[in-house]
Amino acid sequence: MDLEKGPREEPGGEGRLAVALRVPVRIVVLVLVVPVRMVWDALVVAGRFLGDRMFRPVGRALLWVGRAVLVWPFVALWRWVLVPLWRWVLVPLGVALRWLGTVLVVVPAAALYRWVLTPLGHAAVWFCARVLTPLGRGLFVVPAVWLYRWVLTPVGHALLWCGRGLAWLGSLLVTGIGTALYWTVRVLVVLPVYAVWRRLLAPVGRALAVVAREVGAAFGHAWRIAGYISLAVGRALAVFFRWTLVEPARWVYRTVLTPVGHVVRDAVLRPVAEAARSVGRVTRDALRSVRVTARQVRRDVRRALGMPAGPAGIGTREKRPAGR
């Protein structure tokens, strides 16, 4: 982690200022950036964990709910309502309306155009060509041509000559005023501003540019160094938690809880389970004996009362000994 990395400049002018500012600025920026980078890395890790464990499953659930609530009903509406309605109702209705419009509007309009409007148009064209055109030429065209040739053309030439003279005079006046304003603005504004820029603002700007460049380079170096520091701190914390929490818990589980669990299983749970199974067998044998005794008593009572014992095997069946 060398704080002196970066493009070196020749000593003199901006290079001396850059060399003088580089190390202090990078040290200060590194002190300021390291906590920010560590917080940023912690937020990135937390964001990844939350995104993988919470946001992504919640997003999938919301996506499924959105499909179930918004998409599937509209798909069903389009497939089972709108498409059949368009195919079986609106299309035949459109065909019928088109035929009706053709019969009621197009055919009468075509007949009106062919047999009424076309003859009227031909008559109007003939009237204009034979009557109105000669009359218009005699009343309007000849006087207009004479007025243009002998009145408007000389007047236009005179006005054009006067306009040219006025334009030359105006251009001469504007050129003189512009020249005077140019030199006035140049002497009073441009030259002072240029002198201030060259003697004051340009050196200050170059110095500020050097400072800004060094501060930017310092932030870049500090951000990378802070990344290495944050990675090392994270690994150290992981090792610390591993040896203070995970490994002791694993050792306790492996060396204490597992043997204790085996002892409890072998000394307590298995005998209790065997005893429970024995009690269950004894209980089943007792219940079986009670059922056999009840059957025999019922059979004896039937015989004593002179009642039939019932079908063979009912009320007289006994459990055969095993192995016969």
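Residues numbered from 1 in each chain as written. Predicted model: local features only at pLDDT ≥ 70, side-chain atom pairs only at ≥ 80, totals over all residues. Heavy atoms only, no water.

Undergrad: What's the story with the overall build of the chain in this structure? I'm lost.
TA: Of regular secondary structure, the chain possesses one helix and zero strands. Within the span of the chain, comprising 324 residues, buried residues form 8% of the whole. Carbon together with sulfur atoms contributes 73% to the accessible area of the chain, which is approximately 26,900 Å² in total. (Helix = DSSP H or I, 4+ residues; strand = E, 2+ residues; numbered from the N terminus. Buried < 20%, exposed > 50% of the residue type's maximum accessible area, 1.4 Å probe, protein only. Areas by Shrake-Rupley, 256 points an atom, 1.4 Å probe, with all protein chains shown as cover.)

Undergrad: When you look at the confidence of the model for the chain in this model, what are you seeing that I'm missing?
TA: Fine structural detail should not be taken from predicted coordinates in areas where pLDDT scores are low. Scored by pLDDT, the chain has a mean of 81; 88% of the residues are at 70 or more. The low-confidence segment residues 1-13 (pLDDT under 50) makes 17 contacts with residues lying over four places distant or belonging to another chain. (pLDDT = per-residue confidence, 0-100. Contact = heavy atoms within 4.5 Å.)

Undergrad: Would you mind going over the packing of aromatic side chains with me for this structure?
TA: A ring pair, where both rings are aromatic, is described by two values, the distance of the centres and the angle of the planes. Counted under the stated rule, the structure contains three aromatic pairs. Judged by centre distance (5.4 Å) and plane angle (75°), the ring pair of Tyr182 and Trp183 falls under edge-to-face. (Phe/Tyr/Trp six-rings, centres within 6.5 Å; stacked < 30°, edge-to-face > 60°.)

Undergrad: Can you walk me through the pattern of salt bridges in this structure?
TA: According to the stated counting rule, one finds eight salt bridges in the structure shown. Across the pair Arg270 and Asp266 runs a salt bridge whose closest N-O atoms are separated by 3.2 Å. Of this pair, Arg270 and Asp266 both sit in helix H1 (residues 14-304), four residues apart, which is roughly one turn of the helix. Taking the relative accessible area as the measure of exposure, Arg270 reaches 48% and is therefore partly exposed. (Salt bridge = Lys/Arg side-chain N within 4 Å of Asp/Glu carboxyl O.)

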